[in-house]
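Breakdown of the fold
As a plain string of letters, each chain reads:
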Amino acid sequence: MINSRFIFVGLLGVAGLLAVIKPATLLAQVRTEVSYQNSNGKMMVEVIVNNVKGHFLLDTGAPCALTYTFASKLGVTVQGGSVKVEDSNGNQTGTHICRVETLKLGDATFTDLQMVRLPKGQMIESFGVDGIIGYNLMKQGIVKFDGKKNLFTFTTYDKDLGIDYGYAIPLINDPYVTLLPVRLGKNSCDTVMFDSGARAFYEISVGCFDRLGEYNKDVRRLCHGEGILSLGVAGLEQKSMKYRLVVPDFKIGKRRFADVTSVTTNASFSRLGAEILYYGTVIIDYPAQVFYYIPHEPKKKLSLYQKDWDVTITVMDKSLCAGLVWSDSKSGLHGGERIVEINGIRYDQEIDLLQMSTKPLINLSGDKTEIGYIDERGIEMKTVIRRR
């Protein structure tokens, strides 16, 4: 993929749902372990809803949801009118509330579960996703994400779960999403949402970025640019100003990381995504309001600096385009130019956004590559983009 951020980065936010989504009812005290498939940073599990098998995403940052097609297959009916929700980019989309009689996840059975029915024709369906296991289910117990084994655990008791209480982080009280504090250097902090439906290790919200200010020594600005980077359930995000930065000293509880790179997000909260599972196990005890981040290698010094291309390529109007040009780019591009050639391979044909998001159509290797683009005069030009 050309850019790790240009994928289906997230699902639904909580706007418009706080008063209507109710928790699930769990039958008996249970512990269940289910293997998940990790697909481009998304954790997919098999569930049975009203005796029909489906493939659902594990997403702590969203409510439980059904795609329109799967809801129709189940024959569920909606309750009331349309409800507006936000996706991971802050874009709004209309949904409806529905109810399922039973949802079976491994050995655990939930009953009378309210869910969001997503609108018809959402791109999420093309990814083979039938629905979402979200916060109104997970908050009925304790959950564990084991990235080494690709194993998700739901339980109502903590015995033999592998908790190391020395790594406890008190959650910030919120009735829906999972919020916790992280440290940025010696003098700064951020309130982040653990969002298992997002991929990136850390995405800083525009609100936190503005609060820290331009001259904050705990966060170093690398570059900026205006454009489009990501895709949410409501489609491509709106064009906006982005900042790329690095946090020299970043701490989740006791675990310290060096040189964590981040790009600002328009979401309501900063996010920790599924990439944190590469370096540790996450256990969330919702009844006790405690988050545990247990590192795989507690004493190993880890630098998470990631190089990034100075031009992000995306799909607009069925063509490859320069979606965002960072301010440190020497390519001469300004953003929005149609790209017709990469490394000698032509891209004159129409390109579907789904193809771009799910298949490696473009291979950018090394730290520089030559591209062909159409300039404002309609003339094809050549330039070089670089990874910095």
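What counts and what doesn't
Residues numbered from 1 in each chain as written. Predicted model: local features only at pLDDT ≥ 70, side-chain atom pairs only at ≥ 80, totals over all residues. Heavy atoms only, no water. Salt bridge = Lys/Arg side-chain N within 4 Å of Asp/Glu carboxyl O. Helix = DSSP H or I, 4+ residues; strand = E, 2+ residues; numbered from the N terminus. Buried < 20%, exposed > 50% of the residue type's maximum accessible area, 1.4 Å probe, protein only. Phe/Tyr/Trp six-rings, centres within 6.5 Å; stacked < 30°, edge-to-face > 60°. Lys NZ or Arg CZ within 6 Å of the ring centre and 35° of its normal. Pairing = 2+ DSSP bridges.

1. Here we look at the pattern of salt bridges
Close approach of charged atoms lets side chains of opposite charge pair. What the rule picks out here adds up to 15 salt bridges. For Glu203, the salt bridge goes to Arg271, with nearest N and O atoms at 3.0 Å. You can see Glu203 sitting in strand S16 (residues 202-203) and its partner Arg271 sitting in strand S22 (residues 270-272), a full 68 residues away along the chain. With a relative accessible area of 10%, Glu203 lands in the buried category.

2. Points about the packing of aromatic side chains
What characterises a pair of aromatic rings is the spacing of the ring centres plus the angle enclosed by the ring planes. Going through the model one piece at a time under the given rule, you end up with 15 aromatic pairs. Pairing Tyr165 with Tyr292 gives two aromatic rings, centres 5.9 Å apart and planes at 80 degrees, and the pair type is edge-to-face. Of this pair, Tyr165 sits in the loop between strand S12 (151-155) and strand S13 (168-170) while Tyr292 is found in strand S24 (residues 290-295), placing the two residues 127 residues apart along the sequence. Their ring planes at 75 degrees and their centres at 6.2 Å tell us that Tyr278 and Tyr279 sit as a pair that is edge-to-face. The ring centre of Tyr243 lies 5.1 Å from the NZ or CZ of Arg221, which sits over that ring. Taking NZ or CZ as reference, Lys254 lies 5.8 Å from the ring centre of Tyr167, over its face.

3. So, the pairing of strand S26 (residues 319-325)
The element S26 is largely enclosed, with a buried count of 7 among its 7 residues. Bridge count for strand S25 (residues 311-316) against S26 is 6 bridges, and the pairing is antiparallel. Its bridge partner being in S26, Thr312 is matched across the sheet by Leu324. In textbook terms, the turn of a hairpin is the stretch between consecutive antiparallel strands, and for S25 and S26 this stretch comprises 2 residues, one of which, Asp317, has a positive phi near 55 degrees.

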